[in-house]
Amino acid sequence: DYLEERKQLRGWRALSRGLIAVGTGNALLAKRSANEARKFLAKEPLTLLLAAQAAQLGGDAQNADSNFREMLAHEETKLLGLHGLFIEAQRRSDPAAALAYAEEAARTDPTLGWAGEAVIEFRCRAGDWDGALAALDRQIAAKAIGKAAGKRRRAVLLTAQAMALEDSDPARARELATAAAKLAPDLVPAVALAGRLLGAAGEFRRATRMLERAFIANPHPELAEAYADLRPGDTARDRLNRVKVLAHRVPGHPESLLAVARAAIDANDFGQARDILTPLLAEPTQRVCLLMAEIEATEHGDHGKAREWTARAVRARRDPAWVADGYVSER
């Protein structure tokens, strides 16, 4: 009838006004609108969403949690409720609950990006690489991510698992790292680890090919280091000669020059190290400055010049580094 239609209209207007208030950050209007919407649209599940978001905006975690839980009883809002409960669990630093909500959401709808990503992240934090790989497989099967991205992520997870097993089970670590390098031949940590483990197992030719291909595609100090140390027990001169072969694959590249200079210093061939670094001295990076400081201190014991180069390193341009979420790491 007419009165019922009027109530419905007022309810939907309140719901719309409240959702806009949430979007603009108006906590007071959002709360008033949520109360009005629930008054006129008592059976509409979306009013629970508005009430929960209004409570979140107002810092009322208990009411937000209660409304999100009510949403679980309605099929159309269950996933919204799980997402809200997941966020609330994270806010109160409850990783176990957050993981449980994410896993339930991922089971309910494997295409949900946030749920799949959260499960993988929590599994990685716990060192549960098999669990992370299983979650990734579900994402791939559901086509939540593309084949290329799935392949790359599998390589990353296999590398992390191999790193965790390197000391306790080197054979298994070698198998995992080699599989990762095959999936992503340009993934530096995977190839460096695989090369190191293959070298330790006496598979020098295979390790050499793998490291050379990766270095040509992406010259990187970790690859040069693994290449230099392929044969345990080699002399410093042997390592220098080997690194020269690698550097010849990408002649003139700064990483090639730095790799040879590092090996030359280790072999006490300071003259060659100086010559190699000369092209980089016009605009030296921090690594170049520190290598020069090491040469001055070790060759002639000239600690004054060594201090000068060290001081220059502080002001010098930074070398490329691993960066994630604003955190810079040497490895």
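For the structure, check the block above.
A quick note: this is a predicted structure, and the numbers were derived from the prediction, not measured.

Undergrad: Which residues make up the overall build of the protein, and what values do they have?
TA: Assigned secondary structure in the protein consists of 18 helices and two strands. Taken over C-alpha atoms, the radius of gyration comes to 29 Å for the protein, far larger than the 20 Å a tight globule of 331 residues would show. Along the first, second and third principal axes, the C-alpha set of the protein runs to 95 × 45 × 30 Å. Expressed as a percentage of its 331 residues, the buried residues of the protein come to 42%.

Undergrad: Residue-level account of the nonpolar core, with values.
TA: By size, the foremost hydrophobic cluster in this structure holds 89 residues, and its most contacted members are Phe86, Tyr101, Val191, Leu211, Leu223, Leu277 and Ile295. Sequence-distant contacts of Val191, that is, excluding residues within four places in its chain, are made with Ala181, Ala184, Pro185, Met210, Leu211, Ala214 and Leu223. Residues Val22, Ala30, Ala37 and Leu50 belong to the second largest nonpolar core, which totals ten residues.

Undergrad: Summarise the side chain of Thr47; cite the residues concerned and give the values.
TA: As for its placement among the helices and strands, Thr47 is situated in helix 3 (residues 46-57). Setting aside residues up to four positions removed in sequence, Thr47 forms contacts with Leu15, Ala37, Arg38 and Leu41.

Undergrad: Explain the packing of aromatic side chains residue by residue, including any values.
TA: Following the criterion strictly, the structure yields two aromatic pairs and no others. Ring centres of Phe86 and Trp114 lie 5.1 Å apart, and the angle between their planes is 45°; on these two criteria the pair is classed as tilted. Here Phe86 is found in helix 5 (residues 78-91), whereas its partner Trp114 is found in helix 7 (residues 113-125), with 28 residues between them in sequence. Among the residues examined, Trp114 registers a relative accessible area of 22% and is labelled partly exposed. When the ring of Phe86 is compared with that of Phe122, the centres are 6.5 Å apart and the planes differ by 85°; the resulting orientation is edge-to-face. A residue pair is termed long-range when its members are at least 10 positions apart, and Phe86 in helix 5 and Phe122 in helix 7 qualify at 36 residues. Like Phe86, the residue Phe122 is buried in the burial classification. The ring of Phe204 has Arg231 sitting right over it, with the charged end atom 4.0 Å from the ring centre.

So, how was this worked out
- Residues numbered from 1 in each chain as written.
- Predicted model: local features only at pLDDT ≥ 70, side-chain atom pairs only at ≥ 80, totals over all residues.
- Heavy atoms only, no water.
- Helix = DSSP H or I, 4+ residues; strand = E, 2+ residues; numbered from the N terminus.
- Rg over C-alpha atoms; globule rule 2.2 N^0.38 Å.
- Buried < 20%, exposed > 50% of the residue type's maximum accessible area, 1.4 Å probe, protein only.
- Core = buried A, V, L, I, M, F, W, Y, C linked by side-chain atoms within 4.5 Å.
- Contact = heavy atoms within 4.5 Å.
- Phe/Tyr/Trp six-rings, centres within 6.5 Å; stacked < 30°, edge-to-face > 60°.
- Lys NZ or Arg CZ within 6 Å of the ring centre and 35° of its normal.

Structural measurements only, silent on function.
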